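Listed below are the residues making up each chain.
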Amino acid sequence: MASFPDSVNENEIGKAKFIGELLVPVAPFDQKSGRETWTVAFAPDGSYFAWSQGHRIVRLVPWSKCLKNFSVGHGEGTNGASPRHLSRQNSEGSQVMPANEPREHTIDCGDVVWGLAFGSSVPEKQSRCVNIEWHRFKFGQDQLLLATGLNNGRIKIWDVYTGKLLLNLMDHTDIVRDLTFAPDGSLVLVSASRDKTLRVWDLKDDGNMMKVLRGHQHWVYCSAFSPDSSILCSVGAGKSVFLWNMDKYTLIQKLEGHHNDVVSCEFSPDGALLATASYDTRVIVWDPHIGTMILELGHLFPPPSPIFAGGSNDRWVRSVSFCHDGSHIASITDDRLVRFWSIDERSPQATAPLTNGICSAFSTDGSVLAAGTRDGSVHFWESPRSTASLQHLCRMALRRVIPTQQVQALPIPTPLRDYLSYKIL
């Protein structure tokens, strides 16, 4: 496991390039409470960006249009000193768009929105329900859904292209804090709630709830599927990091290492690594297949001892996101910084200022990081650019198909086996 460096030379850390932001129109005397952007999300095909801009409202924006607007008039400063600022009020009626073009939508969900997730279906991926012919909804190849988790415990499912409500799921008894779709196109949805449970829903079966996953003793903050949809990670209060077998709906193991609430998690794109973020000021990168820590990314030096890690401080990590290149991680922290890390280093590659950041997500191609704040706005930065090493490309290709145990059992020379493994720094 990586140790914490005694100090970090800030002059050696680059500055991330700020490319733009989406702002929320603020009425006179508008209260700040309730305006939080608790979640941001990109569609799997890169067509849409969505964020909860507070006061029950979710905005759906064509991502290509966003990027185009950000690039207009940009470049006056070498460090992104003049980014593009966009207000999204009344933008739908500003111009007539072709019928086949993605359209912006404003969705009123009826309550505060805590979780967002896009889901797209694969027709060949069948529902687990036998009587599929009786279903009201026929999910075709071009179907794109948006799930919203609400303050009242409900989950509402929307058609992204039309903005229409399709399903209303009502089994949770407390805030639905996070949502995640299985990446395999099955339209299996997992919800994480403050009622201490995770619930598994089959949207191809009209939103039938297939299973309740119990084990957390406190709030569940976040969950994430592995890329092959076989494993689910769930994290929550009380230092919890759970791994679930999603074929059998059984608990695989609990990962021990955090000293405070764990609030965010995400798998690497090859499924070989898992990043978790905690109020103990750390991001831990795990090998989820064998349950070991690969890397610790610290945000407070020296790090707090376990007995003091539960106290409030200005280094609580709010969010962690894994870039789709598999080599970069972004973290959002209470010290008003966004940090970009390499999985091969213990100090940040780049940082950027961000006040009151609470959530983040990389774009589908990994080129942009979006971060939401407590004032309902979203900020965007370019991801660090680097040329992937041959070792990283080989590891990614191999680990997409076999887990750690099978890599360790390969009948190849030890140096080659080490070359193909993610090792503890």
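Relevant structure appears above.
If you're wondering where the values come from, they're calculated on a predicted model, not measured in any experiment.

Trainee: Go over the sheet that holds strand β23 (residues 292–298), please, and point to the residues and values.
Mentor: Strand order in this open sheet of four strands is β20-β21-β22-β23, and the pairing throughout is antiparallel. The open sheet terminates on both sides in strands that have one partner only, identified here as β20 (262–267) and β23. Pairs of neighbouring strands in the sheet enclose a mean axial angle of 20°, with direction left out of account. Taken together, the four bridges between strand β21 (residues 274–278) and strand β22 (residues 282–287) define a ladder with antiparallel strand orientation. Along β22, the bridge assignment pairs Ala275 with Val285.

Trainee: Tell me about the sheet that holds strand β17 (residues 231–236), and please be specific about residues and values.
Mentor: Strand order in this open sheet of four strands is β16-β17-β18-β19, and the pairing throughout is antiparallel. Sheet topology places β16 (220–225) and β19 (250–254) at the edges, where each strand pairs with a single neighbour. Ignoring which end each strand starts from, the neighbouring axes of this sheet average 25° apart. Direction of pairing for β17 relative to strand β18 (residues 240–245): antiparallel, over a ladder of six bridges. Looking at β18, one finds that Gly236 is bridged to Ser240.

Trainee: An account of the side chain of His379 is requested, with residue identities and associated values reported.
Mentor: Within the secondary structure layout, His379 lies in strand β30 (residues 378–382). For His379, a relative accessible area of 15% gives the class buried. A polar side-chain atom of His379 sits 3.2 Å from a polar atom in the side chain of Glu21. In contact with His379, not counting residues within four places along its chain, are Phe18, Gly20, Glu21, Leu354, Leu369, Ala370, Ala371 and Thr373.

Trainee: I'd like to hear about unusual backbone geometry, residue by residue, with values.
Mentor: Most peptide bonds adopt trans geometry, and most residues besides glycine take a negative phi value. Non-glycine residue Arg56 carries a positive phi angle of around 75°. When you line up the elements, Arg56 lands in the loop between β4 (48–52) and β5 (57–62). Its identity as a non-glycine residue notwithstanding, Lys196 has a phi of 75°, on the positive side. On the basis of relative accessible area, Lys196 is assigned to the partly exposed category, the value being 41%.

Trainee: Would you mind going over the nonpolar core in detail, with residue names and values included?
Mentor: Grouped together as the largest cluster of nonpolar side chains are 20 residues, with contacts concentrated most on Cys233, Val235, Leu243, Cys265, Phe267 and Leu274. For this core, the secondary structure elements donating two or more residues are β16, β17, β18, β20 and β22. By residue number, the principal contributor to this core is β20, which donates four residues. Discounting chain neighbours no more than four positions away, the residues touching Cys233 are Cys222, Ser223, Ala224, Val241, Phe242, Leu243, Cys265, Phe267 and Leu274.

Criteria and cut-off values
Residues numbered from 1 in each chain as written. Predicted model: local features only at pLDDT ≥ 70, side-chain atom pairs only at ≥ 80, totals over all residues. Heavy atoms only, no water. Pairing = 2+ DSSP bridges. Helix = DSSP H or I, 4+ residues; strand = E, 2+ residues; numbered from the N terminus. Axes fitted to C-alpha atoms, helices over the stretch in contact; angles between N-to-C directions. Buried < 20%, exposed > 50% of the residue type's maximum accessible area, 1.4 Å probe, protein only. Polar contact = N/O pair within 3.5 Å; in protein donor to acceptor, adjacent residues only side chain to side chain. Contact = heavy atoms within 4.5 Å. Core = buried A, V, L, I, M, F, W, Y, C linked by side-chain atoms within 4.5 Å.

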